[in-house]
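Per-entry structural report
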Amino acid sequence: RALEDICARLEQLAQATDGVDQEIRKSARELNDQWRSQRGGTDPALRAIESRFKKAQTAVEAMLSARSRAREAAVWTTLAAKETLCEELDNLARSGGGADDATQLQSVQDRWAALPPLPDNWEKKLAARRAAALGALSDPEATGDHLARIERGIEPRRERLLELELSLGLDSPAELQQQRLALQVKQLRERFKNAAPAEAETAAERLVAWCAEPGVADAADRQRCERIFAKLSVKPHG
């Protein structure tokens, strides 16, 4: 009965819809300790309850893993949403919008406020892009500089998309195969040139850098970016 009670409590943990992961893990460890202290002997009658205990342990780990994957996917969804809002502001600045576009500006601000925060470093970078776009919309003197930065960033942003497609094993558009090959050659040369290469930029860092740079992606680049987000949300990369 004591062992059955431990199994029941583990099964309840596996069904938890709230609670902190660390606390759930702590409770699972305590139940595991109790199991070891209660479990003794080699009575064949205990085989069934032992199988139940192992299944409950597996269920707890599966639940915690699912929670972790859901949180990771939510981060990418939030990053994509905030990047889209920044692009909306950049597009408004590029099309000649101004501070009198109060309705659209307020809509962007409201949608941003409704989103959860990103990890601190990412949040700061996206907030800086948003602030630069808002500054360009409210200050005519800042508009020219912002538009010039958007223009300068067109090719670097496309190259970042190529880097991401390469690192994530995604296809690139047919018309970009020559640039993709050139990028591969460039990366190989850099590896051979540096005996002690610097730590490689991760796919996540590349994507955040792309999101943090002002710009307005065309339809083709937007589709490429969506595939990259989808890949990372399913199989996150460090």
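Here, every reference points to the structure presented above.
Below you will find a few notes about this structure. Each chain has its residues counted from 1, following the order in which its sequence is written. Local features in this predicted model are restricted to residues of pLDDT 70 or higher, and side-chain atom pairs are both shown and tallied only at a pLDDT of 80 or more, whereas totals for entire chains, interfaces and linings draw on every residue. Computation of side-chain values: all heavy atoms of the structure, hydrogens and water removed.

Let us look at the packing of helix 7 (residues 154-168) against helix 10 (residues 219-234). One way to put it is that helix 7 packs onto helix 10 with a least axis distance of 11 Å and a crossing angle of 35°. In the crossing of helix 7 with helix 10, the sense of the turn from one axis to the other is left-handed. Contacts between helix 7 and helix 10 involve Arg 158, Leu 161, Leu 162, Leu 164, Glu 165 and Leu 168 from the first element and Asp 221, Arg 224, Cys 225, Arg 227, Ile 228, Lys 231 and Leu 232 from the second. Residues are grouped as follows: Ala, Val, Leu, Ile, Met, Phe, Trp, Tyr, Cys and Pro are nonpolar; Asp, Glu, Lys and Arg are charged; all remaining types, including Gly, are polar. In the contact of helix 7 with helix 10, the residues fall into seven nonpolar, no polar and six charged. For helices, the axis comes from a line fit to the C-alpha atoms of the stretch in contact; other axes are also lines fit to C-alpha atoms, and the angle between any two N-to-C directions lies between 0 and 180 degrees. Counting from the N terminus, the helices are the DSSP runs of H or I reaching at least four residues and the strands are the DSSP runs of E reaching at least two. For any helix crossing, the convention is left-handed if the near helix is rotated counterclockwise from the far helix by under a right angle, and right-handed if that rotation is clockwise. Residues count as neighbours in contact if any of their non-hydrogen atoms are within 4.5 Å of one another.

Within the secondary structure layout, Asp 221 lies in helix 10. Pairs of N or O atoms are called polar contacts if they sit within 3.5 Å, as long as, within protein, a hydrogen donor faces a hydrogen acceptor (for residues adjacent in sequence, only side-chain-to-side-chain pairs). Of the polar contacts made by the side chain of Asp 221, one reaches the side chain of Arg 158; its length is 3.0 Å. In this structure the side chain of Asp 221 is engaged in a polar contact, spanning 2.9 Å, whose partner is the side chain of Arg 224. Residues in contact with Asp 221, not counting those within four places in the same chain, are Arg 158 and Leu 161.

With that settled, consider helix 9 (residues 203-212). We call a residue buried when its accessible area falls under 20% of the maximum for its residue type, exposed when it is over 50%, and partly exposed in between, using a 1.4 Å probe and counting protein chains only. Across the ten residues of helix 9, nine count as buried, placing the element largely inside the fold. Listed in full, the buried residues belonging to helix 9 are Ala 203, Ala 204, Arg 206, Leu 207, Val 208, Ala 209, Trp 210, Cys 211 and Ala 212. The inward-facing, buried residues of helix 9 abut helix 3 (47-94), helix 5 (120-138), helix 6 (140-152), helix 7 and helix 10.

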